[in-house]
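Commentary on secondary and tertiary structure
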Amino acid sequence: MNDFDLVILGAGSGGYAAALRGAQLGLSVALIEKEKLGGTCLHKGCIPTKALLHAGEIADNTKHAAEFGVKAQFISMDMLAVNAYKDGVVSKLHKGLQGLVKSRNINFIEGHGKLVGKNQVEVNGTVYTGKNIILATGSYPKTLPGLEIDGKQIVTSEEAMSFDYVPKSVIVLGGGVIGCEFASVWNSFGSEVTIIEGLPRLVALEDESSSKQLERAFRKRGINFEVGVKFASAAKDKKGVTITLENGAKHTADVLLVAVGRGPVSANLGYEDQGITMDRGYVMVDEKCRTNVPGIWAVGDLIPTLQLAHVGFAEGILVAEEIAGLNPRAINYDGVPRVTYSEPEVASVGLTTAVAKERGYDVVELTYDLAGNGKANILKTAGSIKLVAQKNGPVLGVHMVGSRVGELLAEGQLIYNWEADANDVASLIHAHPTLSEAMGEAHLALAGKPLHAHG
Ligand SMILES: Cc1cc2nc3c(=O)[nH]c(=O)nc-3n(C[C@H](O)[C@H](O)[C@H](O)COP(=O)(O)OP(=O)(O)OC[C@H]3O[C@@H](n4cnc5c(N)ncnc54)[C@H](O)[C@@H]3O)c2cc1C
């Protein structure tokens with residue numbers, strides 16, 4: 001049987017979430033994948049990079065053990081063992097996901113798929129027909145003109161993830177989320193790291209205050225960076241890669257990581273042939289992820305929304321529920337939590353001060369310094385929680401920097417998405433001593449009744 005309610009092209013976060021939810025709602029589902037179930041996030045993105053970051057955290061803890069009265073000596077990284085640990089995590093999750101897909105009776109079809117009709121996808125000569133088709137082919141790492149990825153000296157995140165050695169020196173081209181996470185990892189592992197960013201600051205989509213704090217923390221860790229300067233050219237020799245910037249400056253390192261963003265995987269897949277509206281390779285959709293062609297939907301990194309795994313999950317679920325007639329609410333993208341998992345972490349939800357002002361809000365701001373938080377002192381981390389709020393109204397944005405602050409974002413997103421105001425949160429009791437207490441303290445201060453803060 002090759003006829004399904006739902007045919008999904010691509011089994012990454014967006015595609016497999018749609019498959020799991022669709023099957024749960026009683027739809028017959030075909031899920032097509034040319035590589036591995038789980039896609040970028042599981043095999044080349046979120047999970048392996050977070051395992052590397054955790055190995056880096058342990059290296060840093062070892063180096064700083066004496067500050068906590070623990071005698072330990074950092075000798076070196078064993079990259080084969082690091083990769084075995086990382087691959088073990090990925091493989092366990094992969095097996096679990098395979099079991100889940102099987103248990104929901106989803107037809108998993110291996111092979112390269114192409115859209116060959118408005119309701120048809122062809123894989124290895126077989127045509128699968130769907131009452132609905134979901135395009136979820138994801139994204140690939142981009143490079144710049146004149147910058148050829150050789151996989152050894154000039155690499156993307158895909159190769160960088162599985163290095164079997166620690167490079168002595170690395171240039172990271174791009175100071176966005178992926179660039180900053182790798183810079184953090186390699187610094188922890190012992191490389192000399194330099195980030196080059198064309199925009200005026202690191203993690204430029206975050207609130208300006210968060211970028212400033214991350215830059216300060218990176219400087220303290222010995223991570224070099226240049227911002228507001230563009231790449232001009234690169235040359236390789238046996239000693240390494242030398243890049244020249246538009247301002248004439250040159251940097252040389254063993255390895256150049258190109259982390260300049262990700263582009264949609266949509267070329268030669270038949271999308272345009274079926275009349276789907278595209279823009280710069282992205283598939284254009286409405287607020288329910290419908291393309292202009294009835295019965296064809298698109299989710300995840302293939303559409304121009306935030307390139308995050310949990311956004312892919314949410315879009316996949318949204319489409320499955322819409323197809324099943326549940327009429328789900330459209331996604332509020334401002335309410336999506338965002339984390340850069342470097343050391344320190346940068347976490348945010350809602351609007352930055354600049355965007356809130358652009359949208360005409362009468363904005364008030366409150367920054368609670370983690371220096372006043374007991375647990376932050378125990379961890380020896382620095383940072384803050386910044387609240388952006390409407391004057392006498394709800395919290396519009398939560399912006400945090402510090403070790404482990406990504407874990408505080410669960411509360412931040414409830415605050416934002418439930419449109420809580422300072423008093424709503426100030427009345428909630430936070431456990432002492434936790435980092436989450438800082439969230440309570442920030443709202444106490446915003447409500448005009450600071451406890452462990454001046455003012
Ligand atoms: C280094 C890195 C770190 C990241 N860290 C995080 C993080 O910490 N948190 C987070 O939320 N996000 C993170 N992301 C982003 C996250 O991985 C993506 O947003 C997410 O994977 C997008 O899901 P997707 O389903 O749209 O695409 P993908 O996961 O890319 O899946 C698309 C799938 O489609 C398949 N495919 C493509 N074309 C075809 C075809 N013609 N036929 C069959 N199959 C096809 C591909 O093989 C792939 O498996 C990270 C990304 C990278 C690169």
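Our structure is the block above this text.
Residues numbered from 1 in each chain as written. Predicted model: local features only at pLDDT ≥ 70, side-chain atom pairs only at ≥ 80, totals over all residues.

**Section: the nonpolar core**
In terms of nonpolar packing, the biggest core is built from 77 residues, with V172, L173, L256 and L257 touching the most fellow members. Broken down by element, this core gets its largest block of residues, eight residues, from helix 6 (residues 177-189). Beyond its immediate chain neighbours, meaning those up to four positions away, L173 contacts I196, F231, L256, L257, V258, A259 and V260. A17, L115, V299 and A309 belong to the second largest nonpolar core, which has 54 residues in total. (Core = buried A, V, L, I, M, F, W, Y, C linked by C-beta atoms within 7 Å. Buried ≥ 20, exposed ≤ 12 C-beta atoms within 10 Å, placed from the backbone. Helix = DSSP H or I, 4+ residues; strand = E, 2+ residues; numbered from the N terminus. Contact = placed C-beta atoms within 7 Å.)

**A short note on helix 11 (residues 409-417)**
Listed in full, the buried residues belonging to helix 11 are L409, G412, I415 and Y416. An end-on view of helix 11 places all buried positions within 115° of arc, on one side of the element. (Arc of directions from axis to C-beta.)

**With respect to helix 1 (residues 13-24)**
In this model, helix 1 (twelve residues) spans 16 Å end to end at C-alpha, consistent with the 16 Å of a helix rising 1.5 Å per residue. For helix 1, the tally of buried residues reaches eleven of twelve residues, placing the bulk of the element in the interior. Where helix 1 is concerned, the buried positions are S13, G14, G15, Y16, A17, A18, A19, L20, R21, G22 and A23. Where helix 1 is buried, its residues meet strand 1 (3-9), strand 2 (29-33), helix 2 (39-44), helix 4 (79-103), strand 6 (126-135) and helix 8 (309-323). A positive backbone phi angle near 90° is found at G26, which sits one or two residues after helix 1. (Expected span 1.5 Å × (residues − 1).)

**Focus: unusual backbone geometry**
Cis rather than trans, the peptide bond between E343 and P344 has omega equal to 0°. In this structure, P344 sits in the loop between strand 20 (338-340) and strand 21 (345-350). Omega for the bond connecting H432 with P433 falls within 30 degrees of zero, at -5°, which places this linkage in the cis form. Looking at the element boundaries, P433 is found in the loop between helix 12 (422-426) and helix 13 (436-446). Its identity as a non-glycine residue notwithstanding, N268 has a phi of 55°, on the positive side. Among the secondary structure elements, N268 is positioned in the loop between strand 16 (262-264) and strand 17 (278-279).

**Things to note about the packing of helix 1 against helix 8**
For the pair helix 1 and helix 8, the least separation of the axes is 7 Å and the interaxial angle reads 35°. The element helix 1 and its partner helix 8 pack so that their crossing is right-handed. Facing helix 1, whose interface residues are S13, G14, G15, A17, A18, R21 and G22, helix 8 presents A309, G312, F313, E315, G316, I317, V319, A320, E321 and I323. When the residues that make up the contact of helix 1 with helix 8 are grouped by side-chain class, the tally is eight nonpolar, six polar and three charged. (Axes fitted to C-alpha atoms, helices over the stretch in contact; angles between N-to-C directions. Left-handed = near helix turned anticlockwise from the far one by under 90°. Nonpolar A, V, L, I, M, F, W, Y, C, P; charged D, E, K, R; others polar.)

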